[in-house]
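# Remarks on the overall topology
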Amino acid sequence: MKIVFCFIIVVTAFASYSQTRISGSVSSKSGEVIPGASIYIFNSLDGTSSDAVGKFSFTTEETGEKTIVVSAIGFVKQEVAVTLNGSLPSFAFRLEEETAQLNEVVITAGSMEANSDREVAVLKPMDIYTNAGAAGDIVGAIQTLPGTQRVAEQTGLFVRGGDASESAVIIDGMTVQNAFFSNVPGVAQRSRFTPFQFKGMSFSSGGYGVRYGQALSSILELNTMDLPEKTTVSANLNMAGVALSGIKRWKHSAGEITANYSNLSPFYKIANTNFNFYDVPTGGGASAKWSAQNEKGGIFKAFVKHDYYQSGTEIPDPYRPGSMMPFGLKNQNTYSNASFRQLVNGKTLFYTALSASMNEDKTQWGAFPMVNKDWRMQWRGEATQFLTESFNVTLGSEVQRYQYKQDFDTAAYHFDETQVAVYLESEWKPGKQWAFKPGVRVEYSKLLQKGNIAPRIALAAKTGSYSQVSVASGIFYQLADKRYLLRDYQTDFQQAVHYMANYQWINDSRSFRIEGYYKSYNQLVRELNATYNPNPYRVVYGAVDNSGNGYAQGVDVFWRDQKTIKNFDYWLAYSYVDTKRLYANLIQKATPDFVSNHNVNITTKYFIESLQMNLGATYSFTSGRPYYNPLDNTFLGSRSPSYRNLSLNLSYLTSIGKWFTVFYANVDNVLNYKNVLGYRYSADGQSRYPIVPPLYRAVFVGVNISLTSFKKDEL
Amino acid sequence: MKNKLLILSFLFLNIVAYAQTFEAVLKETYLKFEKTEAPQEKLSLVNRLDMIAARYSDQWSAHYYAAYAKVVTSYLLEDEKQRDGLIDQAEQALNKSKTLTKTNDEILVLEAYIANARLAVKPMSRYKKYGEIFDAKLAEATALNAANPRIYFLKGQSVFHTPRPFGGGCKNAMPFFEKAIPLFAKASNGDLSKPYWGQDRNQYYINECNE
């Protein structure tokens, strides 16, 4: 017993005798001091933290071979073996910065995504809603991105030198045949869908994957919300009408209905209109949606929508420049879409969708009645097999059938098309540093009695913690425009070949992108007339063949900064395009009249926290577009003045009782620029008439209120 | 025989001593952590809790409190990357804790807290994803033990910091804080194996709202 006591005393004495002081400093590899770093002897309770200048000091009674652990947030932990024997020299620990969680490489050539599921994205869906240039329209927001351009008097999405018919709008994998409100000559129309329906969107300005075809230029892919979060009722009242909606959420399913009535009288009353809207647009619509989730996470969605509206506008007569013409329109549109997706065993993702739509335009061109009707059905089925975490294969097929009918005065035209496509694509990401995405799409057209094979490939590689490069190439086919098909012209597929390369850098709420591209067009449909008619609504009489061709090349630049100034977010988009084509009714290879070479968009947003107010401004500049001047020796050689627009928006968030309320206001063309979009000449070439947009400055105000059910069971 | 007994009792005493030091050290550090306010001081106590968790790595509560302290401290830091880094560490610590104990309401509550901390770093771009996780974790915790006051405290805190137009603010948060009061009162404070944090801050918010 005595021996034991002795032993204890000796040990204690020895221990107190051999106290070791551990001191020194902690800094980063680049020499900056690290305050608040942790320094301790592993498996003991002896340790401390570095002070404001990175210095530390503590004593330990541990002895022998031990490990000192040094760690700090954002740095790689360091372990140092030491022998504790009473005295140690001072330490100077230098920690290596932890490389920011290396984000997986993503194929970005040609496409910009706004996705709420992914943290690192150039854009978020929210950015689209709150964009001053958008005025609440998805396509308006897309037009502030590089690669696009504004064509103020024409409807549709114009991308990198392509015309509106060369861009497709896709919802949940299904092509939307009438994505925009029906065309009124000279008046650009909005898209039919509100941004709030979508959880994500991907805009491809070229080089898109094999899931889609029939678009020579671009794809705008929209994905609808899955189950809405909560039971909500909301109402929207603005200068264009009133809309009501209700969502009921059950545990695993949800139902949603909306109804709207629109009447643009209040809007046109105070707007500065250049055209006489003798029958202001009025209309109404309703929609219903059902979504459900099964036990295994599969999601089913079904959506149906019907709209009616009518309008009467005094428009510049496209057939007789200089004179006006009444244009009446009555439109009926039905759109439906159902889809189901299910992941099985975490390995295979099945997706299938079905859509059907109908559109009818009863128009009055001056004295002539015209009726356009079209129908569409589409089915898609695909399976993606995730063979490993970094390798997957998708096999899919789609069938689309559509029909167009036109009755003009006493003449009647129509065509029917059924298309079948099969596609195979695989994605391989070795080490998450590289990505390869080859694919092939095979299409068959019943109308043409012909098929095509379109191989495409995209690659990406990480070049640093925050940057990557990506390239893409592929072949794209599209049928001739409906104006030719309606007249029974025998045509072949038109073809475009895309090559593009981009560099992207995203770090901490700042992003930069630059992309260069070259596209060649082959087999474009061409009208073999000897003379040029600049009327976009001309009737095609002469012969037509596929002898057209052309090219487009350019650079798109995008910069966004959400960080430098708190609550201030801005982005800058610049696009340069150089393109020439011999197609449609052009008699020589030339830059088409909808193309402007330089496009600049600056979008800014500022959130004033104390007032709960969002302010936004968008400035757009579009260089002059070619117009046809019969006196000019160069075909389409004259250029219109450049187009400028500054729009502002403001939204104020508040609550009135339990209602979440947003007041919003948008002023388009604040500075009232008198933009001239081009000129038309009289038949004798002696008189020149400017093409002007339907409105200069326009003000739009509204209020949105919503009530979300309060869950009583939470309390 | 005598010797064996002696050794056994010595071993037993040793285990008791080990447990006592662990609990004492953890408690002392935890109480200091709750008392300090300056972010830098809190960080050094976070470091100390980390050290304790490394030393007593078989104790679920060691990792649990390291995770807890990290989450709480993350709200006090300025730099977004630092905040995310600390929350990452909190998540790792909680995951270790989860391997050492059965899933219980306290673990779920802390998981909800972590989701809320993530949200607080970038509310505009994260509210959707982390708001959903936060609600789901609290709902799970409620299903296991509806009498856990921290569920209502966290919910109240989240509502308190939500902009008023989105259903936030004092008026909407108060019912949650008030619901938590009697539940906090029922719990016996002092035993770290039954977490009891939150009462002071619950009261702090009530005072803020009553001003």
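For clarity, every value in this text was computed on a predicted model and none was experimentally measured. (Residues numbered from 1 in each chain as written. Chains lettered and ligands numbered in written order. Predicted model: local features only at pLDDT ≥ 70, side-chain atom pairs only at ≥ 80, totals over all residues.)

## Quick look at the overall build of chain B
What chain B contains, in helices and strands, is 9 helices and 0 strands. Starting at the N terminus and walking to the C terminus, you meet the elements of chain B as α-α-α-α-α-α-α-α-α. Each of the three principal axes of chain B carries a C-alpha extent, and together these read 75 × 40 × 30 Å. The buried share among the 211 residues of chain B stands at 41%. Here the analysis covers contacts within chain B between residues at least 6 apart in sequence; of these, 58% occur between residues at least 24 apart. (Helix = DSSP H or I, 4+ residues; strand = E, 2+ residues; numbered from the N terminus. Buried ≥ 20, exposed ≤ 12 C-beta atoms within 10 Å, placed from the backbone. Contact = placed C-beta atoms within 7 Å.)

## Details of the UniProt feature "domain: TonB-dependent receptor-like beta-barrel" (unreviewed entry) in chain A
Here, UniProt's "domain: TonB-dependent receptor-like beta-barrel" (unreviewed entry) annotation points to residues 310-670 of chain A. Counted over residues 310-670 of chain A, helix gives 1% and strand 70%. Its end C-alpha atoms are 28 Å apart. (UniProt positions renumbered as here; feature names shortened; annotations may be inferred.)

## Structural notes on the sheet that holds strand 5 (residues 64-71) of chain A
Residue and element names in this part refer to chain A. Strand order in the open sheet formed by 4 strands is 3-2-5-6, and the pairing between neighbours is antiparallel. A strand with exactly one partner marks an edge of an open sheet, and here the two such strands are strand 3 (47-49) and strand 6 (78-84). Each strand axis lies, on average, 15 degrees off the axis of its neighbour in the sheet, ignoring direction. Pairing geometry for strand 2 (residues 38-41) and strand 3, over 3 bridges, is antiparallel. Looking at strand 3, one finds that Ile39 is bridged to Thr48. (Pairing = 2+ DSSP bridges. Axes fitted to C-alpha atoms, helices over the stretch in contact; angles between N-to-C directions.)

## Points about the interface of chain A and chain B
Counting from both sides, the interface comprises 23 residues of chain A and, opposite them, 25 residues of chain B. Secondary-structure elements contributing two or more residues to the side of chain A that touches chain B are strand 2, strand 3, strand 36 (643-656) and strand 37 (659-668) of chain A. Residue contributions to the side of chain A that touches chain B peak at 3 residues, all from strand 36 of chain A. Classifying every residue of the side of chain A that touches chain B by side-chain character gives 8 nonpolar, 13 polar and 2 charged. (Nonpolar A, V, L, I, M, F, W, Y, C, P; charged D, E, K, R; others polar.)

## Here's the deal with the nonpolar core
Formed by 67 residues in total, the largest nonpolar core has its most connected members in Leu49, Tyr65, Ala67, Ala112 and Ile114 of chain B. Considering each element in turn, this core owes the most residues, 10 residues, to helix 5 (residues 105-121) of chain B. Beyond its immediate stretch of four places on either side in the chain, Tyr65 of chain B contacts Leu26, Tyr30 and Leu49 of chain B. The next biggest cluster of nonpolar side chains, apart from the first, holds 61 residues, and it includes Ile142, Leu145, Leu524 and Trp571 of chain A. (Core = buried A, V, L, I, M, F, W, Y, C linked by C-beta atoms within 7 Å.)

## Topic: helix 6 (residues 123-144) of chain B
Where helix 6 of chain B bends most, the angle comes to about 40 degrees, and this point is Lys129 of chain B. For helix 6 of chain B, the full list of buried residues reads Tyr130, Phe134, Lys137, Leu138 and Ala141 of chain B. (Bend = angle between axes of the 7 residues up to and from the residue.)

## Here's the deal with the domain arrangement of chain B
Residue and element names in this part refer to chain B. According to the domain assignment, chain B contains domain 1 (1-101) and domain 2 (104-211). Domain 1 and domain 2 are separated by 22 Å when their C-alpha centres are compared. The partner domain 2 presents 14 residues to the 20 residues of domain 1 that form the contact. Elements represented by at least two residues in the side of domain 1 that touches domain 2 include exactly helix 1 (2-35), helix 3 (60-74) and helix 4 (80-100). Per-element tally for the side of domain 1 that touches domain 2: the top contributor is helix 4, with 9 residues. (Domains from an automatic or database assignment.)

## Digging into the sheet that holds strand 4 (residues 55-60) of chain A
Residues and elements named next belong to chain A. Reading across from one edge, 4-1-7 is the order of the 3 strands in this open sheet, with mixed pairing throughout. Each edge of the sheet is formed by a strand with only one pairing partner; in this case those strands are strand 4 and strand 7 (91-95). Averaged over all pairs of adjacent strands, the angle between strand axes in this sheet comes to 30 degrees, irrespective of strand direction.

## Overview of the packing of helix 7 (residues 149-161) of chain B against helix 8 (residues 170-186) of chain B
Residues and elements named next belong to chain B. Helix 8 packs onto helix 7 with a crossing angle of 160 degrees between their chain directions and a minimal axis gap of 8 Å. Considered as vectors, helix 7 and helix 8 are oriented roughly antiparallel to each other. When the axes of helix 7 and helix 8 are compared, the crossing they make is left-handed. Facing Pro149, Tyr152, Phe153, Lys155, Gly156, Val159 and Phe160 of helix 7, the residues of helix 8 in contact are Cys170, Asn172, Ala173, Phe176, Phe177, Lys179, Ala180, Leu183 and Phe184. (Parallel < 35°, antiparallel > 145°, perpendicular 65-115°, else oblique. Left-handed = near helix turned anticlockwise from the far one by under 90°.)

## Quick notes on the environment of Leu94 of chain B
All names here are of chain B. By the element assignment, Leu94 lies in helix 4. Here the alpha-carbon distance between Leu94 and Ser61, two residues 33 residues apart in the chain, equals 9.5 Å. The residues contacting Leu94, other than those within four sequence positions of it, are His63, Tyr64, Ala67, Ile107, Leu110, Glu111 and Ile114.

## What to know about the pairing of strand 26 (residues 450-462) of chain A
Residues and elements named next belong to chain A. Here strand 25 (residues 434-445) runs beside strand 26; their pairing, made up of 12 bridges, is antiparallel. Bridging across to strand 26, Tyr444 finds its partner in Gly451. Hairpin connection between strand 25 and strand 26: a loop of 4 residues separates the two successive antiparallel strands, and Gln449 in this loop has a positive phi of roughly 55 degrees. Where strand 26 meets strand 27 (residues 467-478), 7 bridges bridge the pair, whose relative direction is antiparallel.

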